Amino acid sequence: MSAVSELVAEKSIVTEPQAGAVKLTMILSGAVFALMMVFGLIMRAAQGQWIEVDPALFYQLLTAHGAGMVGTAALSGAAIMWYFCGRHIVLTAGIFWAFLAFFLLGVVLILGSIFIGGYGGAWTFLFPLPAMSGGAWEAGAAAAFMLGYVSIGVGFLLYYLELGRQIHARYGSLLRALGWNLILGREDKNPLPPTIIAAAAVTIFNSIGIILGAAVLVASLVHLLVPGFEVNALLAKNLIYFFGHVFINASIYMAVTAVYEILPEYTGKPWKSNRLFAIAWNAVLIFVMAVYWHHLLQDVVMPAWMLVIGQLVSYFSGIPLIAVTAFSTFLYVRGSKMTWDLTSSLLVLSVAGWSVGSIPASIDGMISVNKVMHNTMWVPGHFHTYLLLGEVAMAFGFMAWLVRGKSIAQMSGLDRVAFVTYLAGAAGFVTVFLFSGAASIPRRWAVHYEEWLMHDRIGTLFSVLIVLATLAFVLRFVLRLGRSNG
Ligand code: HEM
């Protein structure tokens, strides 16, 4: 048996029912990604005045798109990490189903609040906006939106509780699973898979983020129903941005386990953890929680020391990411005879896209730039880069791998067309956002001036390419799944 097939055989603990739950989750994720992209396309075409969309509807679409995309990135990331953790620890299938049920209940509440109740306060539900709609929606709609988030949060907390519990049972403690023996140079007879180090780190920081998010959601809910109940607006803003920043980052840090577990099948070299890898993930654990202050650089009432830390951490937060994953991917791929099929192409692209996206993010984290850029299209420019070309590419790469079969063959002509279309569409789309930001076009405006329409229209054309390629990826996945189950 070759080293690679031993590696694959040894990693087959994932029980079929769990694989079934993960596949179902990926079908749902693919479908919602596609639908939310269509919402994005409608918004972009409306900004370009190619179609007419009432501004109230634009903000409802923006809210659904933001909450739907962030939620689906997290859902697909969670399914990927659950699947690969199942290779190293025994996870209770019922918990994943409960997680999915809470998630779907949350989706129903959120969609109802937006499209029945008219809620359009954006996915960041910034205090006190949900309670101050100016007559655009009733308090009940805002409450349903926030209850939807709480339901999703409960599902995620169950998910992390189970992961943390089983990691603790198998590896002794979360600290050991974070690689502290490796860092301290102690001998360890039970070497840690990279996926477990990643899962331990994400379990810790995303649980903290979700608990603080739940606290501000409950406070906002009480304020909504009992307006005399005071909430400190600055504290609420800090908690919301802490939760939002940590949650969206966690989606990528979960999905990257697909890179650690799948790429070795292509390079023939197992992805092993070492001291540098463990140090980098421990740095990620701290940085991802400390860096959110860069969202508040325009808030002059924030204590200056917090803003200085936010700026400094923004500079450093890209380094562990690049040291850990991008650099290693480069070394693994360079020294091996890779077969470039849809899976390997999307996964390598995802690491590149994630790394490139961190550059405009770091630029926005500089106070002098942030003062003029933060409310411009530069911001959607940077996060669409590491989401479209990062997390979403990881999810699509994982989906392609799930239906790949045992042998690895070169990419077919159709796959190549879909891949190139996605890459060209996404790269063009985010570049237009970045150019628009540099030209000071503001973000979140339903109606645009004449001078900005060229940007919007070029962006719309690139969006069409992304939507077409996404439909191809998702249909290919569903059809092949159907065939392999038939
Ligand atoms: C075809 C693909 C996509 C298109 C056409 C699209 C389009 C848009 C547009 C037009 C906006 C509003 C920009 C503005 O501020 O004026 C937006 C915002 C946003 N998009 Fe996308 N998008 C796409 C994919 C994605 C993906 C894959 C994600 C995440 C996984 C995502 C997450 C977001 C978020 C979080 C916002 C911010 C919402 C807010 O400001 O409240 N988008 N997108």
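The structure displayed is predicted, hence computed values, not measured ones.

Trainee: Honestly, the packing of helix α5 (residues 139-171) against helix α8 (residues 194-225) in this entry has me stumped. Any pointers?
Mentor: Two numbers describe how α5 lies on α8: the axes approach to 8 Å, and their chain directions differ by 155°. The angle between α5 and α8 places the two elements in the roughly antiparallel class. The crossing of α5 and α8 is left-handed. Residues of the contact of α5 with α8, tallied by class, amount to 22 nonpolar, six polar and no charged.

Trainee: Please clarify how the coordination of the iron atom of the ligand should be interpreted in this entry.
Mentor: Reference values for angles at a metal are 109.5 degrees in the four-donor tetrahedral case and 90 or 180 degrees in the six-donor octahedral case. Each protein donor to the iron atom of the ligand is listed here as His65 (NE2) and His384 (NE2); together their distances run 2.0 Å. With six donor atoms in place around the iron atom of the ligand and angles of 85 to 180° between them, the coordination shape is octahedral. Of the two residues, His65 sits in helix α3 (residues 55-85) while His384 sits in helix α15 (residues 378-402), which places them 319 residues apart along the sequence. In terms of burial, His65 and His384 fall into one category: buried.

Trainee: Help me understand the packing of aromatic side chains, please; the structure alone is not making it clear to me.
Mentor: Centre distance and the angle of the planes are the two values used to describe a pair of aromatic rings. Here the structure, examined in full by the defined rule, presents 43 aromatic pairs. Taking the centre distance of 6.1 Å and the plane angle of 80° together, the rings of Phe33 and Phe396 count as edge-to-face. Of the two residues, Phe33 sits in helix α2 (residues 16-47) while Phe396 sits in helix α15, which places them 363 residues apart along the sequence. For the residue pair Phe33 and Phe396, the accessibility class agrees, reading buried in each case.

Trainee: Explanation requested: the side chain of Asp456 in the structure shown.
Mentor: By the element assignment, Asp456 lies in helix α17 (residues 453-485). A polar side-chain atom of Asp456 sits 2.8 Å from a polar atom in the side chain of His448. Not counting chain neighbours up to four residues away, the residues in contact with Asp456 comprise Arg44, Gln47, Gly48 and His448.

Trainee: Any chance you could explain the site of the ligand here in plain terms?
Mentor: Around the ligand lies a shell of 25 residues, among which Gln47, His65, His384, Arg443 and Arg444 are the nearest. Within the side chain of His65, an N or O atom sits 2.8 Å from a nitrogen atom of the ligand. Elements that contribute at least two residues to the shell around the ligand include exactly α2, α3, α15, α16 (413-438) and α17. The element contributing the most residues to the shell around the ligand is α2, with six residues.

Trainee: Could you clarify how one ought to interpret the nonpolar core in this entry?
Mentor: The nonpolar side chains of soluble globular proteins are, as a tendency, buried together. In this structure, Met26, Phe156, Tyr159, Phe205, Trp281 and Phe398 are the most contacted members of the largest nonpolar core, which totals 157 residues. Apart from residues lying up to four places away in sequence, Phe205 is in contact with Val246, Ala250, Tyr253, Val284, Leu285, Val288 and Met289.

Trainee: Explain helix α11 (residues 275-290) here, please?
Mentor: Residues lying three or four places apart along an α-helix face the same way, a consequence of the helix completing one turn every 3.6 residues. An ideal rise of 1.5 Å per residue puts 22 Å on 16 residues; α11 measures up with 23 Å between its terminal C-alpha atoms. Residues of α11 that are buried include every one of Phe277, Ala278, Ala280, Trp281, Asn282, Val284, Leu285, Val288 and Ala290, and no others. The N-cap residue of α11 is Asn274: its side-chain oxygen and the backbone nitrogen of Leu276 are 3.2 Å apart.

Trainee: Sorry, what's going on with unusual backbone geometry here?
Mentor: Negative phi is the rule for most residues except glycine; trans is the rule for most peptide bonds. Cis rather than trans, the peptide bond between Phe127 and Pro128 has omega equal to 0°. The topology assignment puts Pro128 in the loop between α4 (93-115) and α5. For Ser440, which is not glycine, the phi torsion reads 65° and is therefore positive. By the secondary structure assignment, Ser440 is in the loop between α16 and α17. With a relative accessible area of 47%, Ser440 lands in the partly exposed category.

Trainee: Is there a simple way to think about the pattern of salt bridges in this case?
Mentor: It is possible for side chains of opposite charge to pair when their charged atoms get near one another. Under the definition given, this model contains six salt bridges. Close ionic contact of Asp456 with Arg44 constitutes a salt bridge, the shortest N to O distance being 3.0 Å. One end of the pair, Asp456, is in helix α17; the other, Arg44, is in helix α2, with 412 residues separating them in the sequence. Pair check on accessibility: Asp456 and Arg44 agree, each one buried. In this structure, Glu261 engages Arg87 in a salt bridge whose closest nitrogen and oxygen atoms are separated by 2.8 Å. Of the two residues, Glu261 sits in helix α10 (residues 257-267) while Arg87 sits in the loop between α3 and α4, which places them 174 residues apart along the sequence.

Trainee: Quick question: what am I supposed to make of the confidence of the model for the protein here?
Mentor: Caution applies to low-pLDDT regions: their predicted coordinates should not be interpreted in detail. Scored by pLDDT, the protein has a mean of 92; 95% of the residues are at 70 or more. When the criterion is pLDDT under 50, residues 1-12 qualifies, and its contacts beyond four places in sequence or with other chains add up to eleven contacts.

Trainee: I keep staring at the environment of Arg483 and nothing clicks. Help me out?
Mentor: Checked against the element boundaries, Arg483 lands in helix α17. As a C-alpha pair, Arg483 and Gly405 span 78 residues in sequence and 12 Å in three-dimensional space.

Trainee: Teacher, can you tell me more about a nonpolar patch on the surface here?
Mentor: A surface patch of nonpolar side chains, amounting to about 410 Å² of accessible area, comprises Val218, Val222, Leu225, Val226 and Phe229. With respect to the helices and strands, the residue Val222 is situated in helix α8. With relative accessibility at 31%, the residue Val222 sits in the partly exposed group.

Trainee: What exactly am I supposed to notice about α10 here?
Mentor: The buried fraction of α10 is high, at eleven of eleven residues. For α10, the complete set of buried residues consists of Thr257, Ala258, Val259, Tyr260, Glu261, Ile262, Leu263, Pro264, Glu265, Tyr266 and Thr267. Just past α10, the residue Gly268 takes up positive phi, approximately 80°.

Analysis parameters
For every chain, the first residue of the written sequence is number 1, and numbering continues from 1 along that sequence. Where totals are concerned, whole chains, interfaces and linings use all residues; where local detail is concerned, this predicted model gives features only for residues with pLDDT of at least 70, and gives and counts side-chain atom pairs only at 80 or more. Think of the side-chain values as coming from all heavy atoms in the structure, minus any hydrogens and water. Only C-alpha atoms enter the line fits that serve as axes; for helices the fit covers just the stretch in contact. Angles between N-to-C directions range over 0 to 180 degrees. Runs of H or I in DSSP of at least four residues are treated as helices and runs of E of at least two as strands, each being numbered from the N terminus. Oblique is the label for any angle not covered by the other classes, which are roughly parallel (under 35 degrees), roughly antiparallel (over 145) and roughly perpendicular (65 to 115). Each crossing gets its handedness from the near helix: less than a right angle anticlockwise from the far helix is left-handed, clockwise is right-handed. Residue polarity follows a fixed list, in which Ala, Val, Leu, Ile, Met, Phe, Trp, Tyr, Cys and Pro are nonpolar, Asp, Glu, Lys and Arg are charged, and the others, Gly among them, are polar. Shown as donors are all N, O and S atoms within 2.8 Å of a metal ion, widened to 3.2 Å for Na, K and Ca; because water is not in the atom set, sites may appear incomplete. Labels for metal geometry use angle windows, namely 85 to 135 degrees for all angles of a four-donor tetrahedral site, and for square planar (four donors) or octahedral (six donors) sites opposite donors over 155 degrees apart plus all others within 65 to 115; sites meeting none of these are irregular. Exposure classes here rest on a 1.4 Å probe applied to the protein chains alone. A residue is buried below 20% of its type maximum, exposed above 50%, and partly exposed in between. Only Phe, Tyr and Trp rings are paired, with Trp represented by its six-membered ring, and only when their centres lie within 6.5 Å; those with planes under 30 degrees apart are stacked, over 60 edge-to-face, the remainder tilted. Side-chain atoms alone can form a polar contact between residues adjacent in sequence; in general such a contact is a pair of N or O atoms within 3.5 Å, and within protein one must be able to donate a hydrogen while the other accepts it. Pairs of residues are marked as contacts when any of their non-hydrogen atoms sit within 4.5 Å. It suffices for a single heavy atom of a residue to lie within 4 Å of a molecule or strand for the residue to be listed as near it. Residues belong to a common nonpolar core when they are buried Ala, Val, Leu, Ile, Met, Phe, Trp, Tyr or Cys residues joined through side-chain atoms within 4.5 Å. Given a helix with a known number of residues, its expected span is that number minus one, times 1.5 Å. Each salt bridge in this description consists of a side-chain nitrogen of Lys or Arg and a carboxyl oxygen of Asp or Glu lying within 4 Å of one another. The predictor's confidence in any single residue is recorded as pLDDT, a number from 0 to 100. Like charges within 9 Å and nonpolar side chains (Val, Leu, Ile, Met, Phe, Trp, Tyr) within 5 Å are joined into patches, using only residues over 30% in relative accessible area that form no salt bridge. All accessibility values rest on the Shrake-Rupley procedure with a 1.4 Å probe; residue burial counts only the protein chains present in the view.

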